[in-house]
Amino acid sequence: QVQLVESGGGLVQAGGSLTLTCSASGSINSVLFMGWYHQPPGKERDLVALTSLTTTYTNYADSVKGRFTLSRDNANLYLQMNKLKPADTAVYYCHAVEKGGTRYWGQGTQVTVSS
């Protein structure tokens, strides 16, 4: 079992920055991938960024390339979000995939970007 807890969401003006933090606990050594998804109001949950914990693979959604950056420190995963746009307004969820394919989600953190 893996537990994920997000923090760092909030309200920011367009052009501003926020850093989201995902704190992982439990069977972290069994996790292969970690990343962030977001779910804008009335829309489906989509991938924002994903990184491998065993290789150098990292992938970003086209909409955030050049603006968002993933980083990791032990059991914490960070999403640095710069040049935020109103279209980035969403609930952001931390995600982990374990060996064997089991997927875990955090409870989500709200990011609201005002114009």
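Residues numbered from 1 in each chain as written. Predicted model: local features only at pLDDT ≥ 70, side-chain atom pairs only at ≥ 80, totals over all residues. Heavy atoms only, no water.

*Asks:* What am I meant to see in the side chain of D88 here?
*Replies:* Counting through the fold element by element, D88 comes out in the loop between β8 (76–81) and β9 (90–98). For D88, a relative accessible area of 4% puts it in the buried group. A polar contact of 2.7 Å, which involves the side chain of D88, links it to the backbone nitrogen of K85. Filtering out sequence-adjacent residues up to four positions away, D88 remains in contact with H38, R67, F68, K83, V111 and V113. (Helix = DSSP H or I, 4+ residues; strand = E, 2+ residues; numbered from the N terminus. Buried < 20%, exposed > 50% of the residue type's maximum accessible area, 1.4 Å probe, protein only. Polar contact = N/O pair within 3.5 Å; in protein donor to acceptor, adjacent residues only side chain to side chain. Contact = heavy atoms within 4.5 Å.)

*Asks:* Please clarify how the pattern of salt bridges should be interpreted in this entry.
*Replies:* Here the idea is simple: oppositely charged side chains can pair when their charged atoms come close. All told, the structure shown has two salt bridges when counted by the stated rule. Across the salt bridge formed by D62 and K65, the nearest N and O atoms sit 3.1 Å from each other. On the basis of relative accessible area, D62 is assigned to the exposed category, the value being 66%. K65 gets classed as partly exposed once you look at its relative accessible area, which sits at 48%. Among the ionic pairs, D88 bridges to R67, the shortest N-O distance being 2.8 Å. A residue pair is termed long-range when its members are at least 10 positions apart, and D88 in the loop between β8 and β9 and R67 in the loop between β6 (58–60) and β7 (68–73) qualify at 21 residues. The pair D88 / R67 is uniform in exposure class, with both members buried. (Salt bridge = Lys/Arg side-chain N within 4 Å of Asp/Glu carboxyl O.)

*Asks:* Can you walk me through the environment of S17 in this structure?
*Replies:* With respect to the element layout, S17 can be found in the loop between β2 (10–13) and β3 (18–26). Put simply, S17 and V5 are twelve residues apart on the chain and 20 Å apart in space, counted from C-alpha to C-alpha. In contact with S17, not counting residues within four places along its chain, are V12, Q80, M81, N82, K83 and L84. One polar contact links S17 to N82, side chain to side chain, over a distance of 2.9 Å.

Distances and angles like these do not, on their own, reveal function.
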